[in-house]
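Residue strings, one per chain:
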Amino acid sequence: MKKDHEKIWDRCLEVIKDNVSQQSFKTWFEPIQPVKFTDNILTIQVPSQFFYEWLEEHYIGLLKKIIRKEIGADGRLEYSIVMENSVKNANPYTVRVPTSNVREVKNPAVSLPIDVANSPIKNPFIIPGLRKIKIESHLNANYSFENFIEGDCNRLARSAGFAVAQKPGGTAFNPLLIYGGVGLGKTHLIHAIGLEIKRNHPGKTVLYVPAEKFTQQFIEAVKNNTIGDFQQFYQMMDVLIVDDVQFLSGKEKTQDVFFHIFNHLHQNGRQLVISSDKAPVEMTGMEQRLLSRFKWGLSADLQAPGLETRIAILEKKMYAEGIELPKEVVEYLAYSITTNIRELEGAMISLIAQSSLNKKAVTLELAKQMIDKFVKSTAREVSIDYIQKVVCDYFDLPIDLLKSKTRKREVVQARQIAMYFAKKMTKSSLANIGAHCGGKDHATVLHACRTVNNLQETDKQFRGYLEDLEKKLSIH
Ligand code: ADP
Ligand code: MG
């Protein structure tokens with residue numbers, strides 16, 4: 001027989017399920033345990049302080065409504081937070097990964113950090129009895145597939161890379177072009193491909209070269225009159241990996257020689273792996289014939305990783321570095337730094353550095369202080385969408401309403417506040433802000449900013465709203 005609190009919570013979950021994404025449901029609601037129900041107070045147990053704060057920050061509107069619906073107008077919700085000595089926590093934290101939105105059954109399952117952590121890291125260079133590698137490949141052994149966490153953000157690129165590594169030159173992915181923003185793992189992934197090829201095919205000649213270095217070598221060769229040697233050297237490769245090819249833009253001569261090398265290798269069934277910070281269609285200053293070659297194979301992008309992947313990457317890095325952090329700290333880092341994995345890792349490392357410097361344990365408090373500094377120093381920009389979300393959560397309004405044309409008083413005010421913060425905290429133009437907020441023009445946005453400024457000076461309660469919101473927005 002289910003107890004009352006269990007039945008009530010089951011009913012709540014049913015409504016929640018319909019109102020949040022499956023991933024959020026699994027991450028934030030499944031781990032919750034109903035504990036008791038007395039005096040119209042439903043107590044739920046959450047795994048950490050971070051969980052509680054996250055729920056309060058993101059789902060309080062929804063939870064309020066559900067409690068009202070299921071328990072009644074005087075129903076209340078209370079949290080019981082599980083405390084832990086997390087620094088000494090012996091159980092590694094496992095990230096819940098949704099399995100049912102994996103599109104193809106054939107896709108390999110998402111790796112959990114714990115699995116990766118337990119598998120030995122193989123160093124392809126330590127193969128006894130192997131003849132000496134003639135050409136230095138310039139591959140970094142740490143940038144392996146084992147150390148590359150798979151997520152929705154990189155699944156195609158990763159599996160195409162892996163396929164290429166099994167049969168270099170023997171797949172349709174030639175060239176394989178990996179593109180994506182700064183710090184999203186391009187360099188890591190193309191090294192991993194190189195390393196895996198060397199492991200599977202020790203006889204193959206693999207070379208990793210940043211496009212910048214390629215350019216310098218070419219300029220040097222022109223100076224020394226050794227272009228022939230230069231070209232011959234590159235044409236010897238079984239696998240040529242060129243990093244940051246966008247560096248060649250506007251450099252016609254270098255592109256020219258690269259074009260010839262490319263053709264030679266491709267015609268002879270050798271593998272090309274290229275990375276770029278832009279999709280081929282967006283590359284400027286590149287010769288058309290070279291761009292069209294890039295399109296012969298496969299272009300796969302790396303996206304910014306989702307929360308689960310960010311946590312998994314941090315877990316992996318911690319394992320590699322032999323460090324431990326309380327899980328709420330890891331979650332906090334992963335939640336705060338969203339768009340650049342290098343920055344995410346950097347923040348974790350500086351946090352550890354700071355804590356050993358001050359001989360203080362790494363606590364959530366310390367993480368917050370550090371992130372605040374870190375975030376300011378890199379001048380991170382919150383997005384208009386995020387501002388709208390925070391404002392809507394705060395006033396308990398659906399975001400659609402804010403974006404609609406409605407002239408209802410509370411909505412108008414929330415919309416004006418969102419515009420005000422968007423102007424203050426982002427670099428968006430007034431027109432762009434207006435377009436995001438119910439298709440208003442720039443004059444409306446300007447008027448909103450003035451109204452908010454005026455009210456802030458005359459209305460104490462209103463000023464309180466702004467201060468609360470400013471705090472919420474600046475943690476991000
Ligand atoms: P890019 O070349 O795109 O600027 P990098 O390959 O240098 O990015 O990646 C930045 C950092 O993030 C590196 O330390 C890399 O190991 C790490 N990283 C990126 N993606 C992943 C991933 N999927 N799993 C683990 N670490 C990653
Ligand atoms: Mg790079």
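Structure's up top.
Not measured: the values here are computed from a predicted model.

**Q** When you look at the nonpolar core in this model, what are you seeing that I'm missing?
**A** Soluble globular proteins tend to pack their nonpolar side chains together in the buried interior. Membership of the largest hydrophobic core comes to 73 residues, with the highest contact counts inside it found for Ile-16, Phe-29 and Tyr-59. The element that contributes the greatest number of residues to this core is helix α18 (residues 409–425), accounting for 8 residues. Once residues lying within four places of it in the same chain are set aside, the contact partners of Tyr-59 are Val-20, Ser-24, Trp-28, Phe-29 and Trp-54. Counting 30 residues, the second-largest nonpolar core is a separate cluster that includes Tyr-179, Val-245, Leu-272 and Met-286.

**Q** Mind showing me how you'd approach the pairing of strand β4 (residues 176–180) here?
**A** When a strand is regular, its side chains alternate between the sheet's two faces. Buried residues dominate β4, accounting for 5 of its 5 residues. Residues Leu-176, Ile-178 and Gly-180 point to one face of β4 and Leu-177 and Tyr-179 to the other, with burial holding for every one of them. As paired elements, β4 and strand β7 (residues 271–276) share 4 bridges and run parallel to each other. Within β7, the position partnered with Leu-176 by the bridge is Val-273. The sheet contact formed by β4 and strand β8 (residues 298–302) spans 5 bridges and is parallel. Residue pairing for β8: Leu-176 is matched across the bridge by Leu-298.

**Q** Explain the pattern of salt bridges to me, please; I cannot follow it from the model alone.
**A** Any two side chains of opposite charge can pair, on the condition that their charged atoms come close. Enumeration over the complete set of coordinates arrives at 17 salt bridges. With a closest N to O distance of 2.5 Å, Asp-10 and Lys-2 form a salt bridge. Overall, the relative accessible area of 30% leaves Asp-10 in the partly exposed class. Residues participating in the shared-partner salt-bridge network are Glu-150, Asp-152, Arg-155 and Arg-158.

**Q** For this particular structure, what's the right way to read the side chain of Gln-235?
**A** Residue placement: Gln-235 occurs in helix α9 (residues 227–235). The exposure class of Gln-235 is buried, given its relative accessible area of 18%. Leave out the neighbours within four places in its chain, and Gln-235 touches His-260, Ile-261, His-264, Leu-265 and Arg-270.

**Q** Please clarify how the sheet that holds strand β6 (residues 239–243) should be interpreted in this entry.
**A** The strands that make up a sheet are held in pairs by hydrogen bonds between backbone atoms, and each pair lies either parallel or antiparallel. With respect to topology, 5 strands assemble into an open sheet ordered β5-β6-β7-β4-β8, the strand pairing being parallel. The sheet is open, and its two edges are formed by β5 (206–210) and β8, each paired on a single side. Neighbour to neighbour, the strand axes of the sheet diverge by 15 degrees on average, direction disregarded. Examined bridge by bridge, β5 and β6 share 5 bridges and lie parallel to one another.

**Q** What's the story with the layout of surface pockets in this structure? I'm lost.
**A** Using a probe with the size of a water molecule, rolled over the atoms, empty space left in the structure can be pinpointed. Taken as a whole, the largest pocket encloses approximately 810 Å³ of empty space. Lining the largest pocket are 32 residues, and of these Tyr-143, Gly-185, His-188, Ile-341 and Glu-345 sit closest to its centre. The set of elements that each furnish at least two residues to the lining of the largest pocket consists of α7 (186–200), α12 (307–321) and α14 (341–358). Counting residues per element, the lining of the largest pocket draws most heavily on α12, which supplies 5 residues. Residues belonging to the lining of the largest pocket are distributed by class as follows: 12 nonpolar, 11 polar and 9 charged. Three or more residues apiece are contributed to the lining of the largest pocket by two domains, here domain 2 (155–302) and domain 3 (307–379). In this structure, the second largest pocket spans a volume of roughly 470 Å³. Around the second largest pocket, the lining comprises 17 residues; the ones closest to its centre are Asn-19, His-58, Leu-62, Lys-389 and Asp-393. Elements with a contribution of two residues or more to the lining of the second largest pocket: α3 (49–58), α4 (60–71) and α16 (384–395). Broken down by class, the residue content of the lining of the second largest pocket amounts to 8 nonpolar, 5 polar and 4 charged. When residues of the lining of the second largest pocket are assigned to domains, at least three fall in each of domain 1 (4–98) and domain 4 (384–473).

**Q** Please clarify how the packing of aromatic side chains should be interpreted in this entry.
**A** The relation between two aromatic rings is expressed through the spacing of the ring centres and the mutual angle of the planes. For the coordinates displayed, the defined rule picks out 17 aromatic pairs. Considering the side-chain rings of Phe-29 and Tyr-59, the 4.9 Å spacing of their centres and the 70 degrees angle between planes classify their relative orientation as edge-to-face. In this pair, Phe-29 sits in helix α2 (residues 22–29) while Tyr-59 sits in the loop between α3 and α4, placing the two residues 30 residues apart along the sequence. With a centroid separation of 6.2 Å and 80 degrees between ring planes, the pair formed by Phe-258 and Phe-262 is classed as edge-to-face.

**Q** Explain the side chain of Gln-388 to me, please; I cannot follow it from the model alone.
**A** Its location among the elements puts Gln-388 in helix α16. In this structure the side chain of Gln-388 is engaged in a polar contact, spanning 2.9 Å, whose partner is the backbone oxygen of His-436. Gln-388 has contacts with Ile-399, Leu-402, Lys-403, Ala-418, His-436 and Cys-437, leaving out every residue within four places of it along the chain.

**Q** What am I meant to see in the pairing of β7 here?
**A** Counting buried positions along β7 gives 6 out of 6 residues, so the element sits mostly inside the fold. Of the pairings in the sheet, the one linking β6 to β7 comprises 4 bridges and is parallel in character. Bridge assignment links Val-242 to a residue of β7, and that residue is Ile-274. Remark: the β6/helix α10 (residues 252–267)/β7 crossover connection has right-handed handedness.

**Q** Looking at this model, I keep getting lost on the site of ligand 1. Mind explaining?
**A** Inspection of the region around ligand 1 gives 17 residues, with Ile-149, Gly-183, Thr-187, His-188 and Glu-345 positioned closest. Gly-183 places a polar main-chain atom, nitrogen or oxygen, 2.7 Å from an oxygen atom of ligand 1. Gly-185 is positioned with one of its backbone polar atoms (N or O) 3.0 Å from an oxygen atom of ligand 1. Within the complex, 92% of the 560 Å² of free accessible area of ligand 1 lies under protein. Judged by the proximity of its atoms to the pocket grid, ligand 1 belongs to the largest pocket. Contributions of two or more residues to the shell around ligand 1 are made by α7 and α14. The residue inventory of the shell around ligand 1, partitioned by class, reads 7 nonpolar, 7 polar and 3 charged. Both domains that meet at the shell around ligand 1, namely domain 2 (155–302) and domain 3 (307–379), each give it at least three residues.

Cut-offs used in this document
- Residues numbered from 1 in each chain as written.
- Chains lettered and ligands numbered in written order.
- Predicted model: local features only at pLDDT ≥ 70, side-chain atom pairs only at ≥ 80, totals over all residues.
- Heavy atoms only, no water.
- Core = buried A, V, L, I, M, F, W, Y, C linked by side-chain atoms within 4.5 Å.
- Buried < 20%, exposed > 50% of the residue type's maximum accessible area, 1.4 Å probe, protein only.
- Helix = DSSP H or I, 4+ residues; strand = E, 2+ residues; numbered from the N terminus.
- Contact = heavy atoms within 4.5 Å.
- Pairing = 2+ DSSP bridges.
- Salt bridge = Lys/Arg side-chain N within 4 Å of Asp/Glu carboxyl O.
- Axes fitted to C-alpha atoms, helices over the stretch in contact; angles between N-to-C directions.
- 1 Å grid on protein atoms, 1.4 Å probe; cavity = no way out; pocket = protein on both sides within 12 Å on 5 of 7 lines; lining within 4 Å.
- Points joined across faces, edges and corners; volume = space filled by probe spheres on them.
- Nonpolar A, V, L, I, M, F, W, Y, C, P; charged D, E, K, R; others polar.
- Domains from an automatic or database assignment.
- Phe/Tyr/Trp six-rings, centres within 6.5 Å; stacked < 30°, edge-to-face > 60°.
- Polar contact = N/O pair within 3.5 Å; in protein donor to acceptor, adjacent residues only side chain to side chain.
- Right-handed = clockwise from strand over helix to strand, strands pointing away.
- Near = heavy atom within 4 Å.
- Areas by Shrake-Rupley, 256 points an atom, 1.4 Å probe, with all protein chains shown as cover.
- Sits in = over half its atoms within 2 Å of the grid points.

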